[in-house]
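# Topology and contacts: notes
Here is how the chains run, residue by residue.
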Amino acid sequence: VQLQASGGGLVQAGGSLRLSCAATGSAFSTYDMAWFRQGPGEERDLVAAIRWSGFNSYYGDSVKGRFTISRDDDRGTVYLQMNNLRPEDTAVYYCAAARGTLNSIITVRQLYVYWGRGTQVTVSS
């Protein structure tokens with residue numbers, strides 16, 4: 001699976017952006033998909049994840065109520081709608097894929113084995 005993220009940019013605080021991640025390769029619908037972000041000098045943290053079935057999602061505490069993850073299996077694409085952006089959301093955002101399981105949504109970074117190049121999101125105050 002190859003992943004290509006897009007949609008980053010510069011936005012003022014309170015604004016919105018939508019990130020997209022297009023996947024090539026087979027069996028997209030069997031992968032849990034996630035967005036991570038990494039600020040300067042920081043760890044790469046999980047922002048949001050969506051299960052392969054599309055029925056379950058996970059959000060980090062700092063983005064709950066502001067960000068929404070979704071997927072379109074027909075297009076092989078996962079999205080991250082980001083509203084009410086804050087300066088602390090500034091980071092490089094990465095999409096990633098993990099082989100889905102029958103148990104629960106995957107939130108462990110090490111299990112995400114496919115990664116796209118990041119897209120920069122900068123929020124000005």
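As a reminder, the structure under discussion sits directly above these lines.
Anyway, here's the lowdown on the structure attached to this text. If you're wondering where the values come from, they're calculated on a predicted model, not measured in any experiment.

## Re the packing of aromatic side chains
Where two aromatic rings form a pair, the distance of their centres and the angle of their planes describe that pair. According to the stated counting rule, one finds three aromatic pairs in the structure shown. On the basis of an interplanar angle of 75° and a centroid distance of 5.4 Å, the ring pair of F36 and Y112 is categorised as edge-to-face. Of the two residues, F36 sits in strand β4 (residues 31-38) while Y112 sits in the loop between β9 (91-99) and β10 (114-115), which places them 76 residues apart along the sequence. Neither F36 nor Y112 differs from the other in exposure class; each is buried. Take F36: its relative accessible area is 1%, and that puts it in the buried class. Through a chain of ring-to-ring contacts, three or more aromatic side chains come together here, namely F36, Y112 and W115. In this structure, R44 packs its charged tip against the face of Y94, placed 3.6 Å from the ring centre. Against the face of W115 rests R44, its NZ or CZ located 5.0 Å from the ring centre.

## Focus: the sheet that holds strand β3 (residues 17-24)
Within the open sheet, the four strands sit side by side as β1-β3-β8-β7. Their pairing is antiparallel. The open sheet has two free edges, formed respectively by β1 (2-6) and β7 (67-72), since each of these has just one partner strand. Shown here is a sheet whose adjacent strand axes are inclined to one another by a mean of 15°, direction ignored. Relative to strand β8 (residues 77-82), β3 is paired through six bridges, and the arrangement is antiparallel. By the bridge assignment for β8, R18 is matched with Q81.

## Details of the pattern of salt bridges
Under the criterion given, the structure shown has six salt bridges. A salt bridge links K64 to D61; the shortest N-O distance between them is 3.2 Å. When the shortest N-O distance is used, the salt bridge between R71 and D73 registers 2.8 Å. Given a relative accessible area of 15%, R71 falls into the buried group. Judged by its relative accessible area of 34%, D73 falls in the partly exposed class. Salt bridges sharing common partners tie together R37, R66 and D89.

## Describing the environment of Q81
The residue Q81 is located in strand β8 in this model. A relative accessible area of 27% places Q81 in the partly exposed class. It is 4.4 Å that separates the C-alpha atoms of Q81 and R18, two residues lying 63 residues apart in sequence. In contact with Q81, other than residues within four places in its own chain, are S16, L17, R18, R66, F67 and T68. There is a polar contact of 2.9 Å between the side chain of Q81 and the side chain of N83.

Rules used throughout
- Residues numbered from 1 in each chain as written.
- Predicted model: local features only at pLDDT ≥ 70, side-chain atom pairs only at ≥ 80, totals over all residues.
- Heavy atoms only, no water.
- Phe/Tyr/Trp six-rings, centres within 6.5 Å; stacked < 30°, edge-to-face > 60°.
- Helix = DSSP H or I, 4+ residues; strand = E, 2+ residues; numbered from the N terminus.
- Buried < 20%, exposed > 50% of the residue type's maximum accessible area, 1.4 Å probe, protein only.
- Lys NZ or Arg CZ within 6 Å of the ring centre and 35° of its normal.
- Pairing = 2+ DSSP bridges.
- Axes fitted to C-alpha atoms, helices over the stretch in contact; angles between N-to-C directions.
- Salt bridge = Lys/Arg side-chain N within 4 Å of Asp/Glu carboxyl O.
- Contact = heavy atoms within 4.5 Å.
- Polar contact = N/O pair within 3.5 Å; in protein donor to acceptor, adjacent residues only side chain to side chain.

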